[in-house]
2 protein chains.
Amino acid sequence: MSGVTEVPDVPEPPAYRDGAIDLLGVIGYGALTAFGRLAEDAQLAPTLADRVQVSALAARQFGHFTAVRDRLVELGADPMTAMEPFHAPFDAFHAHTAPKTWLEGLIKAYVGDGFAADFYREVAAFVDPQTRELVIAVLADDGFEAYVVDRVCTAIGAQPDIAGRLALWARRLVGEALSQAQRVAAERDAMTSLLTGTVDRPGVDLAAAGRMFTRLVENHTQRMGRLGLQA
Amino acid sequence: MSGVTEVPDVPEPPAYRDGAIDLLGVIGYGALTAFGRLAEDAQLAPTLADRVQVSALAARQFGHFTAVRDRLVELGADPMTAMEPFHAPFDAFHAHTAPKTWLEGLIKAYVGDGFAADFYREVAAFVDPQTRELVIAVLADDGFEAYVVDRVCTAIGAQPDIAGRLALWARRLVGEALSQAQRVAAERDAMTSLLTGTVDRPGVDLAAAGRMFTRLVENHTQRMGRLGLQA
C-alpha cells in the first residue's frame, strides 16, 4: 500500500483531473437518468418478456452509475457535486424528448444513448488511463443493440409506414442532444479543455476535431441503418 | 455431473414442486413490480441523494427477480408462466395503493413489502432446502430498514401532525395486501397446499397457523413502532 508515489490513481495536473471529474459526472448523471427513464419505459412494454428485458437494461444503467460514483470517490470528488452541473441539460433533454410509444423509447435508448456514448469515448481518450478504462467498460454495449434492432425491425416489417415517423424521431433526438451538448460545452471549461487543450497541454487540432465529428456521424448513420431507418 | 440421483436439485413429489414454483412465481413478480414502483418513487425524491438511495433499492429488487427467475429455470419451469397467476392481484394492489407522496412511497416499501416478505418466509419453511435458502437470501433486509426509519422519523419529528395520516396509510396497505393474499390463496391450490398439506404430506395444524398469524402481526407492529406509528 506504500510506494514511491503517494496517490498513484489520481491524475495530475489539477486541470486534467477536473476534466476527468466532469466526464465522470456527466456519465454518472446520464446513467442515473437513463435508469429512471428505462424503468419507466419498461412499464409500457407490450409483453412481460419485454418488460423484463428493458428492466434489466435499467438495472444495468444503475450498475454503471455506481461504478462511476466509486471512481469519483477514488478521485476525491463528491459524486453529487460532480453530477450537479449536468442536471439542467439532461433534464431539459428528457423533457423535450419524452417518448410517446414503446418503439420511440427503444429508439431513444439506442440512438440517443449511442451517440452520447460515442462522444464520451472520444473525450475519454484525454483522461487518465484508469478512468478511461472504466468509462470504456461502462459504455460497452452488453447485447442491448441486438435486442433493440430485432424489436424495431420486426415492428417496421409488420407496419412499414411507421419507418418515416421513427426516422424523424431519431433525427429530433440527435438535434436535441447536440443542442444540450453545446450548452454543456459552453459552461463546462474543465471538460471542454480536455478536447481543446490548455496552456500546459495540447488538445486536438481543428483537423482532429473534424475527424472526431465525422466518426460520430458515421457511427450514428450505421445505427440508423441497422434499424432500417434513414439518418 | 453423473450421480446416484438424476435431478438432485428438483424437489419431489410434483405437488411439492408446484408449491415451490408458485412461491418463486409470486416473489419474482413481486420483485419485478417493486422494481418498477421504486424506480418511479425515486423520481419523486426530495434530493438527489434520496433518488440514488431509492434507485439502488429498485436495482436490488431487479437482482432479486433474476435470482428467482434462475431458480425457476433450474426447476424446469417457465418464469413468465410461473409469474402469470400473480399479475392480477399485484397489479390490483398497486392500483389501489398508489402513494401520493414520497413518504407514503417509503412506508409502502417498508411496511407492505415487509409484511409480504414475512409471509413468504413462513411459506418457504415448506419447500425444498435450496429454494428455501434462496428465498431467505432474496428477502434479507440489506440495510433498507435503517434508511426508511431514519427518513420517516425525521419527517415526523419535523412535522408531528403527519403521523396520524401515515399510520392510517400503513393500515390501509396491510388491509389491501391481506385482501389480495386471500384472493391468491383461493385461486392457487399449489401454494395454499404447502401450508394446509395434502393427502401425502401433512401441513400446519390450526394451532400452528394461529402462531404463524401471530408472528406476522407482531412483526408488523414492530415495524410500525420503529417508524413511530401506531399499528
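Everything numeric here is computed off the predicted structure, so don't read it as measured data. (Residues numbered from 1 in each chain as written. Chains lettered and ligands numbered in written order. Predicted model: local features only at pLDDT ≥ 70, side-chain atom pairs only at ≥ 80, totals over all residues. Heavy atoms only, no water.)

This part is about the overall build of chain A. Looking only at helices and strands, one finds 10 helices and 0 strands in chain A. A compact globule built from 231 residues would reach a C-alpha radius of gyration of about 17 Å, and chain A, at 18 Å, matches this within 12%. Here chain A holds 231 residues, and 50% of them are scored as buried. Considering only intrachain contacts with a sequence separation of at least 6, the fraction spanning at least 24 residues in chain A is 81%. Accessible area of chain A: about 10,900 Å², with a carbon and sulfur share of 58%. Of the charged side chains in chain A, 21 are positive and 30 negative; the average position of the first set lies 6 Å away from that of the second. (Helix = DSSP H or I, 4+ residues; strand = E, 2+ residues; numbered from the N terminus. Rg over C-alpha atoms; globule rule 2.2 N^0.38 Å. Buried < 20%, exposed > 50% of the residue type's maximum accessible area, 1.4 Å probe, protein only. Contact = heavy atoms within 4.5 Å. Areas by Shrake-Rupley, 256 points an atom, 1.4 Å probe, with all protein chains shown as cover. Lys, Arg positive; Asp, Glu negative; His and termini not counted. Charge placed at Lys NZ, Arg CZ, Asp CG, Glu CD.)

Let us look at the packing of aromatic side chains. Enumeration over the complete set of coordinates arrives at 9 aromatic pairs over all chains. Relative to Y120 of chain A, the ring of F119 of chain A lies with its centre 6.3 Å away and its plane at 55°, an arrangement referred to as tilted. Within the aromatic cluster, the residues linked to one another by ring pairs are F35, F62 and F65 of chain A together with F35, F62 and F65 of chain B. (Phe/Tyr/Trp six-rings, centres within 6.5 Å; stacked < 30°, edge-to-face > 60°.)

Attention shifts here to the environment of A124 of chain B. All names here are of chain B. Structurally, A124 can be placed in helix α5 (residues 102–124). By relative accessible area, A124 is classed as buried at 0%. With 105 residues separating them along the chain, A124 and G19 place their C-alpha atoms 9.6 Å apart.

With 21 residues of chain B at the interface, the matching set in chain A holds 21 residues. Considering only the side of chain B, the residues that lose the most area to chain A are F35, L48 and V52 of chain B, jointly responsible for 30% of the buried surface there. Between chain B and chain A we count 0 salt bridges in total. Among the secondary structure elements, those contributing two or more residues to the side of chain B that touches chain A are α1 (14–42), α2 (48–74) and α3 (79–83) of chain B. If you tally residues by element for the side of chain B that touches chain A, the top one is α2 of chain B, at 11 residues. (Buried area = accessible area lost by both parts, 1.4 Å probe. Salt bridge = Lys/Arg side-chain N within 4 Å of Asp/Glu carboxyl O.)

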